[in-house]
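Residue strings, one per chain:
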Amino acid sequence: MRAYLFILVVSALVAYLLTPMVKRVAERGKIFSPLRDRDVHSIPTPRLGGVAMFGGLLAGLIFASQMPFLNRIFVELGPIIGIAGAAGLLCLLGVIDDIWDLHWMAKLAGQALAAGFMAIKGVALLSIPFGGVIIGSPRMSIIVTVLVVLVTINAVNFVDGLDGLAAGVVAIGGSAFFIYSYWLARDASPESYANLASLIIAILVGACLGFLPHNFNPARIFMGDSGSMLIGLLLAASTIRVTGQVDPALIGQERAFATFMPIILPVAVMFLPLLDLGLAVVRRLRAGQSPFSADAKHLHHRMLRLGHSHARAVLILYTWTALIAFGSVLLLFKGWLFSACVIGGLAAITLIFTFYPLRMRQKAREEIS
C-alpha cells in the first residue's frame with residue numbers, strides 16, 4: 001500500500017508543479033477556451049491542463065519502475081508501452097483539438113486508434129466476469145476493448161463542464177476502484193500482489209488531485225480534451241486490467257460476490273458520467289442531431305438551473321459519485337442489509353441537499369402570494 005501511496009503523491013506533485021508552466025505556455029500561445037452560450041465560465045481560460053496530467057503519468061511510471069515492490073510489473077513491457085503510448089497519442093490529439101477544434105469524427109478516429117494500440121499491446125478484454133464468458137477471438141477482443149474505451153473516454157469528456165468536476169469525479173471514483181483492485185490482488189495472490197491496474201489507478205488519482213487545486217472554482221486553467229480523454233483512457237485501462245487480473249475460482253466462496261465487481265464497480269464509479277452520456281445521446285438523437293453535438297442540458301447545467309452555485313453543484317456531484325462508488329465497495333466488506341441501510345440513508349440526505357433550492361424557491365413564492 002505504501003508503494004502505491006508514494007506513486008500517487010509523486011504523480012500529484014508533478015502534475016501540480018507542471019500545471020502553472022503549462023498555463024503560461026497556453027497563455028503565450030493564446031490557447032483559451034472560447035466563450036460559448038452553453039459554457040458557464042465568463043472569462044477566457046487557458047486550456048492544455050492535460051499535458052501536466054500526462055507528465056504526472058510519466059513520472060509515476062518512471063518512479064514505479066525503480067521500486068522493488070513495483071518493478072516486477074515492468075517485466076512485461078507490452079501493456080506499459082500500450083497504456084503510455086495510447087495516453088501520449090490521446091494527449092497529443094487533445095492538444096491539437098484544444099488549439100484547432102477538430103471535428104468530432106476526427107477525434108473519435110483518434111480515440112479508436114489509441115484504444116486499438118493499447119489492446120494490441122496486451123491491455124484488452126479477454127473475458128467478461130459474468131457467467132465465465134470468454135472472448136475467444138483476438139479480433140473480437142480488440143473490438144470490444146475499443147468500444148469500452150470509447151464509451152469511457154466520452155463519458156468523462158461529457159461530464160467535464162464545471163470547474164473541477166471531471167478531475168474530482170474521476171479522483172473519487174478512482175479511489176474506490178483502487179480499494180477494490182488492491183483488495184482483489186491481495187486476496188488472490190497474497191505473496192505477490194503488485195499489479196498494473198492498481199498502479200495505473202493510483203497514478204490517475206494522483207494526477208487528478210495534483211491538477212484539481214488549479215482547476216477548482218474559480219478555475220485558472222482547464223484540462224481540455226488533452227486531459228479529459230487522458231483520464232478516461234486511464235480509467236478504462238485499469239478497469240480492463242482488473243477484469244482479467246484474477247481467476248474467480250481463486251476467490252473464496254464467501255466472497256463470490258467479488259467476481260461480479262469488475263462489471264458492477266466500473267459502472268458505479270462512472271455512474272454520473274455514463275448517465276449524462278446516455279441522456280445526452282438519447283436527447284440529441286430524438287432531436288435529429290448528432291450524438292456529439294453540444295448543448296446546455298447536461299446534469300451539471302441542470303444543477304445550476306436548480307439554483308445551486310457553481311462550487312456547490314460540483315460538491316453535490318462529488319457526493320453522489322462517492323456515495324455510489326464507495327457504496328459499491330462497501331458491499332464487499334459488509335452484508336447487503338447493512339450496506340443498503342447506509343447507502344439508503346446517505347442517499348436520502350444527499351437528495352435533500354440536491355433539491356433544497358427547489359423547496360426554497362417554492363417557499364419564497366408562497367410568501368409572495
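Conventions we followed
Residues numbered from 1 in each chain as written. Predicted model: local features only at pLDDT ≥ 70, side-chain atom pairs only at ≥ 80, totals over all residues. Heavy atoms only, no water. pLDDT = per-residue confidence, 0-100. Contact = heavy atoms within 4.5 Å. Phe/Tyr/Trp six-rings, centres within 6.5 Å; stacked < 30°, edge-to-face > 60°. Helix = DSSP H or I, 4+ residues; strand = E, 2+ residues; numbered from the N terminus. Buried < 20%, exposed > 50% of the residue type's maximum accessible area, 1.4 Å probe, protein only. Lys NZ or Arg CZ within 6 Å of the ring centre and 35° of its normal. Core = buried A, V, L, I, M, F, W, Y, C linked by side-chain atoms within 4.5 Å. Axes fitted to C-alpha atoms, helices over the stretch in contact; angles between N-to-C directions. Parallel < 35°, antiparallel > 145°, perpendicular 65-115°, else oblique. Left-handed = near helix turned anticlockwise from the far one by under 90°. Nonpolar A, V, L, I, M, F, W, Y, C, P; charged D, E, K, R; others polar.

Draft legend 1. Representation of the confidence of the model for the protein chain. When the pLDDT values of the protein chain are averaged, the result is 84; 84% of them are 70 or greater. The low-confidence segment residues 245-256 (pLDDT under 50) makes 16 contacts with residues lying over four places distant or belonging to another chain.

Draft legend 2. Just the packing of aromatic side chains, in detail. Taken as a whole and assessed by the stated rule, the structure comprises eight aromatic pairs. Taking the centre distance of 6.5 Å and the plane angle of 35° together, the rings of Tyr180 and Trp183 count as tilted. Of this pair, Tyr180 and Trp183 both sit in helix α6 (residues 165-188), three residues apart, roughly one helical turn. Here Tyr180 matches Trp183 in class, with each residue buried. Their ring planes at 45° and their centres at 6.4 Å tell us that Phe216 and Tyr318 sit as a pair that is tilted. Here the residue Phe216 occupies a position in the loop between α7 (196-215) and α8 (224-243), and Tyr318 occupies one in helix α12 (residues 310-333), the gap between them amounting to 102 residues. The exposure class assigned to Phe216 is partly exposed, which follows from its relative accessible area of 25%. Aromatic ring contacts, followed pair by pair, group Tyr4, Phe69, Phe178 and Tyr182 into a single cluster. Positioned above the aromatic ring of Phe338 is the side chain of Lys334, whose terminal nitrogen or guanidinium carbon lies 5.8 Å from the ring centre.

Draft legend 3. Quick peek at unusual backbone geometry. For the peptide bond that leads from Asn217 to Pro218, omega is -5°, which places it in the cis range. Relative to the helices and strands, Pro218 resides in the loop between α7 and α8. Even without a glycine there, the phi angle at Lys30 is positive, about 55°. Counting through the fold element by element, Lys30 comes out in the loop between α1 (2-28) and β1 (32-33).

Draft legend 4. Up close: the nonpolar core. Counting 100 residues, the largest nonpolar core has Leu70, Met118 and Leu199 as its most contacted members. Setting aside chain neighbours within four positions, we find Leu199 in contact with Tyr4, Ile7, Leu61, Ala64, Leu70, Ile73 and Phe74.

Draft legend 5. Up close: the packing of helix α2 (residues 49-65) against helix α3 (residues 77-100). Their axes nearest at 10 Å, the elements α2 and α3 cross at an angle of 165°. Between α2 and α3, the angle is such that the two are roughly antiparallel. Here α2 runs over α3; the crossing is left-handed. Seen from α2, the contacting residues are Gly50, Val51, Phe54, Leu57 and Leu61; seen from α3, they are Ala84, Ala87, Gly88, Cys91 and Val95. Each residue belonging to the contact of α2 with α3 can be placed in one class, and the counts come to eight nonpolar, two polar and no charged.

Draft legend 6. Quick peek at the environment of Ile172. By the secondary structure assignment, Ile172 is in helix α6. For the pair formed by Ile172 and Cys208, sequence separation is 36 residues and the distance between their alpha carbons is 9.5 Å. In this structure, Ile172 is in contact with Tyr318, Thr321, Ala322 and Phe326, ignoring residues within four places of it in sequence.

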